[in-house]
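Letter by letter, the chains look like this.
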Amino acid sequence: MTTLIMKFGGSAVGLNLGLTQMLSIVLHESERWRKLLIVVSALDGVTDQLLEATHLAQLSNGRGYRRIVANMRQRHISLIESLPLGVTEKKALESDIDQMLFEMLAVCQTLSDFPENVAPETIYGIVAVGERLSARIVAALLRQNGQRSVAIDATDLIITDNVFGNATPNLALTRQRITESLMPMLERKIIPVITGFIASTQTGKITVLGRGGSDYTASILGICTDAAEVWIWTDVDGMMTADPHEISSAHSILHMSYEEAAELAYFGARILHPRMIEPLRERAIPLRVRNVFRPGQPGTLVQSTASTLASGIKAVTSIRGLGIVASRSGSLTHISALVDDTLFRITGSRADVMIASQTSSSSFLAFVIPTSAGQGAAHQLEIEIEHLLEQNEEFAGWSARLVNIVTAIGAHLDHQYTMTVEILRRLADIKLLAISHGIGGCSISLVTEVEDADTVLNRVHDLILTQP
Ligand code: ASP
Ligand code: MG
C-alpha cells in the first residue's frame, strides 16, 4: 500500500500513555505502508491556554500570560522527562521549547505594550506554538525508536486565504508546496510529523483552520499526496451514536457514508472538523476514526456507500444555534445577511446551515454556530446581534436568543416517515421551534429551547437504542 495519513489528537499526544500507544501504532503501520505522514494537535488544552495568553497580553496582564507560559513549559518538560528519550534528544527538545516560549514571551510583551494595533497573524503566531511544540516531541520519539523522522511546520506547506482564525486552503498552491518539499522526503522513507491546525497566507502570515482544525490538515494532506486512507486517532472508539460525555449509553458506529459523517460533524459532533469530510468525499479517500487507547477496536470507517437501504437513525447530535424571531412575515434576506456577516466577522465562519420557517404573521430563523468557531462564539454572537437589532430601525420587531439544534442522522431518513413520526410522538410534550429535513436526505433537525435540548437528545438516543 502506498500513502497513509495518521492524525493524533491532543489527548493522544498530551499523555505519556497516549504517546506510547502512538509509537507502537506508527512502528506497526510503517511496516505496512510505503509512505507515512503524521499530523499532530497541540497537547490537550494547550490551544485554549495560548488563546487565553493572547487575551491577557492584550489586557497588559503580564503576570497572567507569564503564568500560562510557565505552566506550559512545566507540562511539556515533564512530558519529555517521562518519555524514554536519550540525553541528546532530551536536551535538544528542551532547548527548542525554551527558545519557542522565549520568543513567544517577547511577542506577548509587544502585544501588551501596543494592544491597540494587534495584527491577527501576531495572535495566531502565538497560538501556533502549541502544535509546533507537540510535533517536535513526537518526531524526537520516533527518531529515538529507529525511524527517520522530522517535525515540519505546516506554515511552510499549507497556503490559505487571509481569514486568519478559520482559513481556507488554496489547494493548487498547497499541492505545489507539498510536491516540492514533502514528496522527496517521503520517497526517502522519512516520516514527517506535521503540525495540524496551522497554516499561512501566501505572504507567510500565520493562519489557523478553525478550532479542531488538525483533522482538516490531515484531509488536506490526504488529497494533496493522493493518500490511500486518512486515519484520525482520538480518545473514543470512533464516531458514536451520541457524544459519550453527554449520553453514557452511546456506542460506536462501524460504518458511515461521507454524507452521514459530514452531517454529524456539521451538527455538532466535536470528534471531526466539519470541513474535513468534503475533500475526502470528492476523492473517495476512506477515513477511519479510531481510539488510540484501544487500537484493537475497529473504530468507524467512513467511505462511499452504494447502499440505498434505509438503516434507521444512526446518531444524534446537539449544537448551539442562534434563533431569530419576529411577529411578522416578509423578506428574510436582510436579516439573514446581518447574521451571516456578523458570524463571519466574529468567527470567520459563514452560516452554512440555516433553518427557517414562516407563517403569514411570524418568522423564525435558526443559524447553526459551527464547532470550529470555538466555545465562546455562540454567546458572543448573541450579544452582538441583539445589539445590532436594537440599533437598527429596519429590524424593529426582530429579537434574538440562543437555541439548540438536535439532529438525528441516518441514511434515507427522508424516506422513512415512520421515523419522523416516532421522533415527534416521543417529543409530544416538548415545544419544538422548527423541524427540518436535511437536503441530503440523511438528517432531521429539531430546533429546541436551550433548556429542552438534553431531554430531546436523550429521547432521540433512546429511539436509536430501541429501534429494530
Ligand atoms: N489544537 C487545535 C485546537 O485545539 C487544533 C486541534 O486540536 O485540532 O483547536
Ligand atoms: Mg479534534
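Computed from a predicted model, the values in this text were never measured in an experiment.

## Quick notes on the site of ligand 1
(1) Moving on: Surrounding ligand 1, one finds Ser41, Ala42, Thr47, Glu131, Phe197, Arg211, Gly212, Gly213 and Ser214.
(2) Moving on: At a separation of 2.8 Å, an oxygen atom of ligand 1 approaches a polar backbone atom of Gly212.
(3) Moving on: Here an oxygen atom of ligand 1 sits 3.0 Å away from a polar atom, N or O, in the side chain of Ser214.
(4) Moving on: With the chains in place, 85% of the 270 Å² that ligand 1 exposes on its own is no longer accessible.

## Overview of the sheet that holds strand 10 (residues 287-291)
(1) Moving on: Across the sheet, which stays open at both edges, the 8 strands sit in the order 3-5-2-1-8-10-11-9 with mixed pairing between neighbours. At either margin of the open sheet sits one strand with a lone partner, and together these are strand 3 (149-152) and strand 9 (255-256).
(2) Moving on: Two strands pair when backbone bridges link them, and strand 3 and strand 5 (residues 191-195) are joined in this way by 4 bridges, in the parallel orientation. Paired with Ile152 across the strands is Ile194, a residue of strand 5.
(3) Moving on: The strands touched by helix 8 (residues 171-187) are strand 2 (35-40), strand 3 and strand 5; relative to strand 2, the strand with the most contacts, the crossing angle is about 125°.

## Some thoughts on the packing of helix 4 (residues 62-81) against helix 7 (residues 129-144)
(1) Moving on: Direction vectors running N to C along helix 4 and helix 7 enclose 15°, while the axes themselves pass 11 Å from each other. Between helix 4 and helix 7, the crossing angle belongs to the class labelled roughly parallel. Viewed along their axes, helix 4 and helix 7 form a crossing whose handedness is right-handed. Counted together, Met72, His76, Leu79 and Ile80 of helix 4 and Val129, Leu133 and Ile137 of helix 7 form the full contact between these two elements.
(2) Moving on: For the contact of helix 4 with helix 7, the per-class residue count stands at 6 nonpolar, 1 polar and no charged.

## As for the pairing of strand 14 (residues 363-368)
(1) Moving on: The buried count for strand 14 comes to 6 of 6 residues, which makes it a mostly enclosed element.
(2) Moving on: By the alternation rule, side chains of strand 14 split into Ser363, Leu365 and Phe367 and Phe364, Ala366 and Val368, which are all buried.
(3) Moving on: Where strand 12 (residues 315-326) lies against strand 14, 6 bridges are found, and the strand directions are antiparallel. In the sheet register, Gly321 faces strand 14, and the bridge partner there is Val368.
(4) Moving on: Taken together, the 5 bridges between strand 13 (residues 354-358) and strand 14 define a ladder with antiparallel strand orientation. The partner of Ala356 across the bridge, within strand 14, is Leu365.
(5) Moving on: Two successive antiparallel strands, strand 13 and strand 14, enclose a turn made up of 4 residues.

## Observations concerning the layout of surface pockets
(1) Moving on: Here the second largest pocket defines a volume of roughly 790 Å³.
(2) Moving on: Leu51, His55, Tyr124, Ile346 and Ala373 are, among the 32 residues lining the second largest pocket, the residues nearest its centre.
(3) Moving on: Where the lining of the second largest pocket is concerned, the elements lending two or more residues are helix 3 (46-58), helix 6 (120-127), helix 12 (333-347) and helix 13 (377-391).
(4) Moving on: The element best represented in the lining of the second largest pocket is helix 3, accounting for 6 residues.
(5) Moving on: Looking at which domains feed residues into the lining of the second largest pocket, each of domain 1 (3-235) and domain 2 (315-466) gives three or more.

Criteria and thresholds
- Residues numbered from 1 in each chain as written.
- Chains lettered and ligands numbered in written order.
- Predicted model: local features only at pLDDT ≥ 70, side-chain atom pairs only at ≥ 80, totals over all residues.
- Heavy atoms only, no water.
- Near = heavy atom within 4 Å.
- Polar contact = N/O pair within 3.5 Å; in protein donor to acceptor, adjacent residues only side chain to side chain.
- Areas by Shrake-Rupley, 256 points an atom, 1.4 Å probe, with all protein chains shown as cover.
- Pairing = 2+ DSSP bridges.
- Helix = DSSP H or I, 4+ residues; strand = E, 2+ residues; numbered from the N terminus.
- Contact = heavy atoms within 4.5 Å.
- Axes fitted to C-alpha atoms, helices over the stretch in contact; angles between N-to-C directions.
- Parallel < 35°, antiparallel > 145°, perpendicular 65-115°, else oblique.
- Left-handed = near helix turned anticlockwise from the far one by under 90°.
- Nonpolar A, V, L, I, M, F, W, Y, C, P; charged D, E, K, R; others polar.
- Buried < 20%, exposed > 50% of the residue type's maximum accessible area, 1.4 Å probe, protein only.
- 1 Å grid on protein atoms, 1.4 Å probe; cavity = no way out; pocket = protein on both sides within 12 Å on 5 of 7 lines; lining within 4 Å.
- Points joined across faces, edges and corners; volume = space filled by probe spheres on them.
- Domains from an automatic or database assignment.

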